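Architecture and fold: a report
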Amino acid sequence: MSAFPRGRTAIVGTGTFGTVRAPGYSASDLAAIAAHRALAEAGLALSEVDGLFFCHGTDTLGGLSFAQYLGIHPKVVDNNRTGGSAFQTMVENAAWLLDAGAIDCALIAYGSNQASAAGKLVNTVMPNPYEAPYRPMTPLTSYALAAQRYLHQFGATKAQLGEVALAARKWAQLNPEAAVRDDLSMDDYLAARLINDPFGKYDCCLVTDGGAAIVMTRTDRARDLKARPVRVLGAAAETSHREIMCMADLTVTAAAESGRRAYAAAGVAPADIDVVMVYDAFTINTILFLEDLGFCPKGEGARFVEGGRIAPGGDLAVNTNGGGLSCTHPGMYGLFTLIEATRQLRGECGERQVAGAELAIAHGNGGVLSSQATVVLGR
């Protein structure tokens, strides 16, 4: 197999819409508006999209439905269903197809109206017959198991999980689009109601609406478009299990492998990365992914995040939009990591802008720490 087409494709447009609550809009409405915004930013027309990559929260034929909704007839439709990692995998697939000349313009989009329509996380996954008798709060219970194991195995503390929540909130306070921007102290965090031990309210992602989209094309074409292109330098994915009971080690995710291969494809190392966007559905995610993606040794993540190290002004800029914990989380969050990473590399992030950012990673997580996908982006 040939090497990944390093830097030969680029993200040329981003768009979001309704990322808090958007009553009256369907999931497809939200995705379509975000898509139009991304295309307008790039200076491209909807008719130029010949590769459509879409994931719908409840429609298993969502790719077909969305193509019809948009009124386009793409050569390629990808309807990946690996959860929040789907969008990073879509970037990888789009990069190969664009570089091969199979398509010229890729649109990657997502939308969910779960908050205004259902008021809660909409779970469309079939229950596992072996776990169902114990009535787990899916997916919360699975992540709580991983967190409990981590705390026990490495002697980490609840307050160290809280450092992740506090850092995310501080970044969100610098982001006008973030859903939650009020102050959050460690006392607030520790006093929050327990939901599934060791997780309290602030350990869990938000439940919001939201649409998101990015547009990709080949770099040679991207130079002539309206927006500053951000190159896709490397991408890789790895799946380790489906159910948490089949995860070999609850403290090691497949991000260790997806990250390794993505870095190798890009020709960079963790020390080179300026902006780190990871899928923080729960506070434990950020700690596990920082370890598995090579920013600190295994078992050191909880100590690594102490003292505001990943907050504004800290040593490493992590989840600079506020993440799924404080910015937005419309069922699947992976596409928003790509959008924030792109905007950071373009220097468009205002008060939260990371000075001189040249390299970023956007990492997606699907299932219950099941599917991991990593994309390396460069200015």
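Keep in mind it's a predicted model, so treat the numbers as computed, not measured.

The rules we used
Residues numbered from 1 in each chain as written. Predicted model: local features only at pLDDT ≥ 70, side-chain atom pairs only at ≥ 80, totals over all residues. Heavy atoms only, no water. Helix = DSSP H or I, 4+ residues; strand = E, 2+ residues; numbered from the N terminus. Rg over C-alpha atoms; globule rule 2.2 N^0.38 Å. Contact = heavy atoms within 4.5 Å. Areas by Shrake-Rupley, 256 points an atom, 1.4 Å probe, with all protein chains shown as cover. Lys, Arg positive; Asp, Glu negative; His and termini not counted. Charge placed at Lys NZ, Arg CZ, Asp CG, Glu CD. Pairing = 2+ DSSP bridges. Axes fitted to C-alpha atoms, helices over the stretch in contact; angles between N-to-C directions. UniProt positions renumbered as here; feature names shortened; annotations may be inferred. Patch = residues over 30% accessible without salt bridge, like charges linked within 9 Å, V, L, I, M, F, W, Y side chains within 5 Å. Salt bridge = Lys/Arg side-chain N within 4 Å of Asp/Glu carboxyl O. Buried < 20%, exposed > 50% of the residue type's maximum accessible area, 1.4 Å probe, protein only. Polar contact = N/O pair within 3.5 Å; in protein donor to acceptor, adjacent residues only side chain to side chain.

Next up on the list: the overall build of the protein. A count of helices and strands for the protein gives 13 helices and 12 strands. Compactness check: the protein gives a C-alpha radius of gyration of 19 Å against a globular reference of 21 Å for 379 residues, within 12% of the reference. Dimensions along the principal axes, computed over C-alpha positions, put the protein at roughly 55 × 40 × 40 Å. If you take every contact in the protein between residues at least 6 apart in sequence, the share linking residues at least 24 apart comes to 77%. For the protein, the exposed area adds up to about 14400 Å²; of that, 51% sits on carbon and sulfur atoms. Computed over 31 positive and 37 negative side-chain charges, the inter-centroid distance for the protein is 2 Å.

Taken in spatial order, the 10 strands line up as 3-2-4-7-1-8-12-11-9-10 in an open sheet, and their pairing is mixed. Because the sheet does not close on itself, it has two edges, and the strands there are strand 3 (76-78) and strand 10 (317-318). Helix 2 (residues 62-70) contacts strand 2 (51-56), strand 3 and strand 4 (106-112) of the sheet and is inclined by roughly 120° relative to strand 2. Taken strand by strand, helix 13 (residues 334-346) contacts strand 1 (9-17), strand 4, strand 7 (210-218), strand 8 (230-239), strand 9 (275-277), strand 11 (359-366) and strand 12 (371-378), and its axis lies near 115° from that of strand 1.

What follows deals with the UniProt feature "domain: Thiolase C-terminal" (unreviewed entry) in the protein. UniProt marks residues 237-379 with the feature "domain: Thiolase C-terminal" (unreviewed entry), using the numbering shown here. Regarding residues 237-379, the helix share stands at 30% and the strand share at 17%, and the terminal C-alpha atoms are separated by 22 Å.

Looking now at a nonpolar patch on the surface. A cluster of nonpolar residues, L61, L64 and V77, forms a patch on the protein surface that exposes about 270 Å² of accessible area. Among the structural elements, L64 can be located in helix 2. Judged by its relative accessible area of 54%, L64 is exposed.

What follows covers the pairing of strand 8. Sheet faces and side chains relate simply in a regular strand, where the side chains alternate between the two faces. Pairing between strand 1 and strand 8: 2 bridges, direction antiparallel. From the neighbouring strand, A10 faces strand 8, where its bridge partner is R231. Where strand 8 meets strand 12, 8 bridges bridge the pair, whose relative direction is antiparallel. Within strand 12, the position partnered with T239 by the bridge is S371.

As for its position among the elements, N80 is in the loop between strand 3 and helix 3 (86-100). A polar atom in the side chain of N80 sits 2.8 Å from the backbone nitrogen of T82. Non-local contacts of N80, meaning those with residues more than four positions away in its chain, are made with F54, C55, A86, T89 and M90.

Moving on, we come to the side chain of H363. Relative to the elements of secondary structure, H363 occurs in strand 11. Assessed through its relative accessible area of 0%, H363 is described here as buried. At 2.7 Å, the side chain of H363 and the side chain of Q372 are in polar contact. Those residues in contact with H363, other than ones at most four positions away along the chain, are Q88, A255, S258, M277, V278, Y279, F289, L293, T337, Q372, A373 and T374.

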